[in-house]
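Chains, contacts and geometry: an overview
Residues per chain, in single letters:
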Amino acid sequence: FCKTFKIFISLSFLFPSPLTPAKGLGWYTVNSAYGDTIIMPCRLDVPQNLMFGKWKYEKPDGSPVFIAFRSSTKKSVQYDDVPEYKDRLSLSENYTLSISNARISDEKRFVCMLVTEDNVFEAPTIVKVFKQPSKPEIVSKALFLETEQLKKLGDCISEDSYPDGNITWYRNGKVLHPFEGAVVIIFKKEMDPVTQLYTMTSTLEYKTTKADIQMPFTCSVTYYGPSGQKTVYSDQAVFDIYYPTEQVTIQVLPPKNAIKEGDNITLKCLGNGNPPPEEFLFYLPGQSEGIRSSNTYTLTDVRRNATGDYKCSLIDKKSMIASTAITVHYLDLSLNPSGEVTRQIGDALPVSCTISASRNATVVWMKDNIRLRSSPSFSSLHYQDAGNYVCETALQEVEGLKKRESLTLIVEGKPQIKMTKKTDPSGLSKTIICHVEGFPKPAIQWTITGSGSVINQTEESPYINGRYYSKIIISPEENVTLTCTAENQLERTVNSLNVSANENREKVNDQAKLIVGIVVGLLLAALVAGVVYWLYMKKSKTASKHVNKDLGNMEENKKLEENNHKTEA
């Protein structure tokens, strides 16, 4: 019996019959991640009369391969010589089989077998191994995309996946589906014959538009893992979108509110395409032929005749053109007369400040750094008109555009003298003032004829507007004559003034002389009357002669009195 049983057992291992799994046990699947340890419980109740337990796996053709053996009595474990499981197996006392470092080749049907003296119990387990693919990456990216052209955008690659996954493309987070002539997706997968891992590659050909500027493109890989379906996304990729120029603009650099003569003008032409055009044709005012240049063209030291319309266009598409109007502002000032001008006092001097400008200009007159309310006009020059005149004009809207001209007016005149006298209230001294007017400044010199003490000589006032005075204080002992001489480069002028010794004494003498004159006059009148009466009685002729003689004497007396008065004066 024993021999028969042993033969049965051996034959059952060598030629297994389609034994039915233990009652109540169905297919059992163990999911494991690549590289992890696969743990397969036996799922059988250990019988009392167990002799040993054994694990096997089935080849694709159904033939068994035994890999582990454990005796129930000796507690010893034996592992069969299977190269792919060398040093990877572990069989526990409860007949749980562990396989370390899970591989894709471990995806098999494993069977746990518990053998008694009269029966064999089996529990099958299906092993599934999953490998998460690498994070997808967009490679072989296009340097740029051109509008209206179907062009390869890039490849999305995800490696080392098991089982193989699926790749999806996205534009701005939305799935891209194949579309004829606009979206072409080519998918392929490759398996490494050694690791049995898959590499998935998806190539996207895309026809871009300007709407794709700054739009992010991504891709994802969807795969199955131990816990179900998962998706991993790539990093975003943004592509430079090339598109043709649709509009040309022209600028003036540096930006200015206004351009004036002498400035440099730089014209800059821009196209709104990508990449922007590098060369343009520039058209100057009055020129039909364009000047080929880079996107900038500079004019130096511009003049007013540079005012006009400036244009630029594409070289290969001259109809696409832009223009700008430039006004070169100018400001001219003409002052007549200008510089240093010398005129005589009393002369007329017309002054004009003529302005020519590209727009209305402001005009300001200054005299000796003081602003005038109106422009100067000289119908008859005075000394106070002399000074430094400045006519200044500016264009308020144009920074730095100012002009100014100056006139230095010199008013000359011969010396003019006016002398005045002032007596001190005490009557002891007199102040003589010599007022002088003239330019250049006349020099004043005093001359005194007669005797007297000079208390304060030649005190002068400031010279203002061609006028000043010199005064002298004197106490004369006798009648004196003061002479004031004023001299400049034009002429020498002299004026004199007589000053009496004592004006109070002069007044008394004048009154006494007046009384004496009256008395003498009365006496003479009485004498004449008596003589006339006596002679009246005589001959008419003789009387007439005597009367004429007396009248002649009276005339002489009157002339004498008049001479005396003149001398006193």
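Being a predicted model, the structure only gives us computed values, none of them experimental. (Residues numbered from 1 in each chain as written. Predicted model: local features only at pLDDT ≥ 70, side-chain atom pairs only at ≥ 80, totals over all residues. Heavy atoms only, no water.)

Some remarks on the overall build of the protein
When helices and strands are tallied, the protein shows three helices and 42 strands. For the protein, with 569 residues in total, the buried portion stands at 35%. Nonlocal contacts in the protein, meaning residues at least 24 apart in sequence, comprise 59% of its contacts between residues at least 6 apart. Element-wise, carbon and sulfur atoms account for 50% of the exposed surface of the protein, whose accessible area totals about 34300 Å². (Helix = DSSP H or I, 4+ residues; strand = E, 2+ residues; numbered from the N terminus. Buried < 20%, exposed > 50% of the residue type's maximum accessible area, 1.4 Å probe, protein only. Contact = heavy atoms within 4.5 Å. Areas by Shrake-Rupley, 256 points an atom, 1.4 Å probe, with all protein chains shown as cover.)

Quick look at the packing of aromatic side chains
Counted according to the given criterion, the structure contains twelve aromatic pairs. For the pair tyrosine 57 and tyrosine 85, a centre-to-centre distance of 5.9 Å together with 55 degrees between the ring planes defines the contact as tilted. Here the residue tyrosine 57 occupies a position in strand 3 (residues 50-58), and tyrosine 85 occupies one in the loop between strand 5 (77-79) and strand 6 (89-91), the gap between them amounting to 28 residues. Overall, tyrosine 85 belongs to the buried group, its relative accessible area being 3%. Pairing phenylalanine 282 with tyrosine 297 gives two aromatic rings, centres 5.8 Å apart and planes at 25 degrees, and the pair type is stacked. Note that phenylalanine 282 is positioned in strand 24 (residues 280-283) and tyrosine 297 in strand 26 (residues 296-299), a separation of 15 residues in sequence. Following the ring pairs from residue to residue traces out a cluster consisting of Tyr57, Tyr85 and Phe110. Positioned over the ring face of tyrosine 198 is lysine 189, at 5.6 Å from the centre of the ring. Of note, arginine 304 hangs over the ring of tyrosine 330, and the distance from its end group to the ring centre comes to 3.9 Å. (Phe/Tyr/Trp six-rings, centres within 6.5 Å; stacked < 30°, edge-to-face > 60°. Lys NZ or Arg CZ within 6 Å of the ring centre and 35° of its normal.)

Focus: the pairing of strand 40 (residues 467-476)
Here strand 40 shows one buried face, formed by Tyr468, Ser470, Ile472, Ile474 and Pro476, and one open face, formed by Arg467, Tyr469, Lys471, Ile473 and Ser475. Where strand 37 (residues 430-439) lies against strand 40, eight bridges are found, and the strand directions are antiparallel. Opposite cysteine 434, over in strand 40, you have serine 470 as the bridge partner. (Pairing = 2+ DSSP bridges.)

Re the sheet that holds strand 2 (residues 38-40)
Within a beta sheet, neighbouring strands are joined by backbone hydrogen bonds and run either parallel or antiparallel to one another. With antiparallel pairing, three strands are arranged side by side in an open sheet as 2-7-6. Only two strands of the sheet have a single neighbouring strand rather than two, namely strand 2 and strand 6. Sheet twist, expressed as the mean angle between neighbouring strand axes with direction ignored, is 15 degrees. Sheet topology note: the strand 6/strand 7 (residues 97-99) ladder contains three bridges and is antiparallel. Pairing of leucine 89 across the sheet is with isoleucine 99, part of strand 7. (Axes fitted to C-alpha atoms, helices over the stretch in contact; angles between N-to-C directions.)

So, the side chain of serine 234
Within the secondary structure layout, serine 234 lies in the loop between strand 18 (228-233) and strand 19 (237-238). Given a relative accessible area of 9%, serine 234 falls into the buried group. Contacts of serine 234, omitting those with residues within four sequence positions, involve Lys135, Pro136, Glu137, Ile138, Thr218 and Cys219.

A word on the state of the cysteines
One pass over the structure, following the stated rule, counts five disulfides. Covalent S-S linkage joins cysteine 353 and cysteine 391, the inter-sulfur distance amounting to 1.9 Å. Across the S-S bond linking cysteine 353 and cysteine 391, the dihedral sits near -85 degrees, which makes this disulfide left-handed. Separated by 38 residues along the polypeptide, cysteine 353 in strand 32 (residues 352-357) and cysteine 391 in strand 35 (residues 387-394) bring together distant segments of the chain. Judged by its relative accessible area of 21%, cysteine 353 falls in the partly exposed class. Owing to a relative accessible area of 0%, cysteine 391 belongs among the buried residues under this scheme. When the bonded cysteines of the protein are numbered from the N-terminus onward, they pair as 1-2, 3-4, 5-6, 7-8, 9-10. (Disulfide = S-S within 2.5 Å.)

Section: the nonpolar core
Formed by 51 residues in total, the largest nonpolar core has its most connected members in Met40, Trp55, Ile67, Leu97 and Phe110. Inspection of this core shows a minimum of three residues originating in each of domain 1 (29-130) and domain 2 (137-242). When near neighbours in sequence (up to four residues on either side) are disregarded, methionine 40 contacts Val30, Trp55, Tyr95, Thr96, Leu97, Ile99, Phe110, Thr125 and Val127. (Core = buried A, V, L, I, M, F, W, Y, C linked by side-chain atoms within 4.5 Å. Domains from an automatic or database assignment.)

Thoughts on the side chain of histidine 329
Assignment of secondary structure puts histidine 329 in strand 29 (residues 328-329). Overall, the relative accessible area of 4% leaves histidine 329 in the buried class.

Comments concerning a negative patch on the surface
Together, Glu137, Glu159, Asp160 and Asp192 line one region of the surface with negative charge. Within the secondary structure, aspartate 160 is located in strand 12 (residues 150-161). (Patch = residues over 30% accessible without salt bridge, like charges linked within 9 Å, V, L, I, M, F, W, Y side chains within 5 Å. Salt bridge = Lys/Arg side-chain N within 4 Å of Asp/Glu carboxyl O. Lys, Arg positive; Asp, Glu negative; His and termini not counted. Charge placed at Lys NZ, Arg CZ, Asp CG, Glu CD.)

Comments concerning unusual backbone geometry
With an omega of 0 degrees, the peptide bond between asparagine 274 and proline 275 qualifies as cis. If you trace the backbone, proline 275 turns up in the loop between strand 23 (265-271) and strand 24. Here the residue pair phenylalanine 439 and proline 440 is connected by a cis peptide bond, since its omega of 0 degrees sits within 30 degrees of zero. Relative to the elements of secondary structure, proline 440 occurs in the loop between strand 37 and strand 38 (443-449). In this structure, aspartate 160 is a non-glycine residue whose phi angle is positive, near 55 degrees. By relative accessible area, which is 35% here, aspartate 160 ends up partly exposed. In this model, glutamine 196 sits at a positive phi of 60 degrees, which is unusual for a non-glycine residue.

So, the pairing of strand 36 (residues 402-423)
The pairing of strand 31 (residues 339-344) with strand 36 spans six bridges and is parallel. Counterpart to valine 341 in the pairing with strand 36 is leucine 409. Pairing of strand 35 with strand 36 involves eight bridges; the strand directions are antiparallel. In the strand pairing of strand 36, glycine 387 is matched with leucine 409. Pairing analysis gives nine bridges linking strand 36 to strand 37, with the strands arranged antiparallel.

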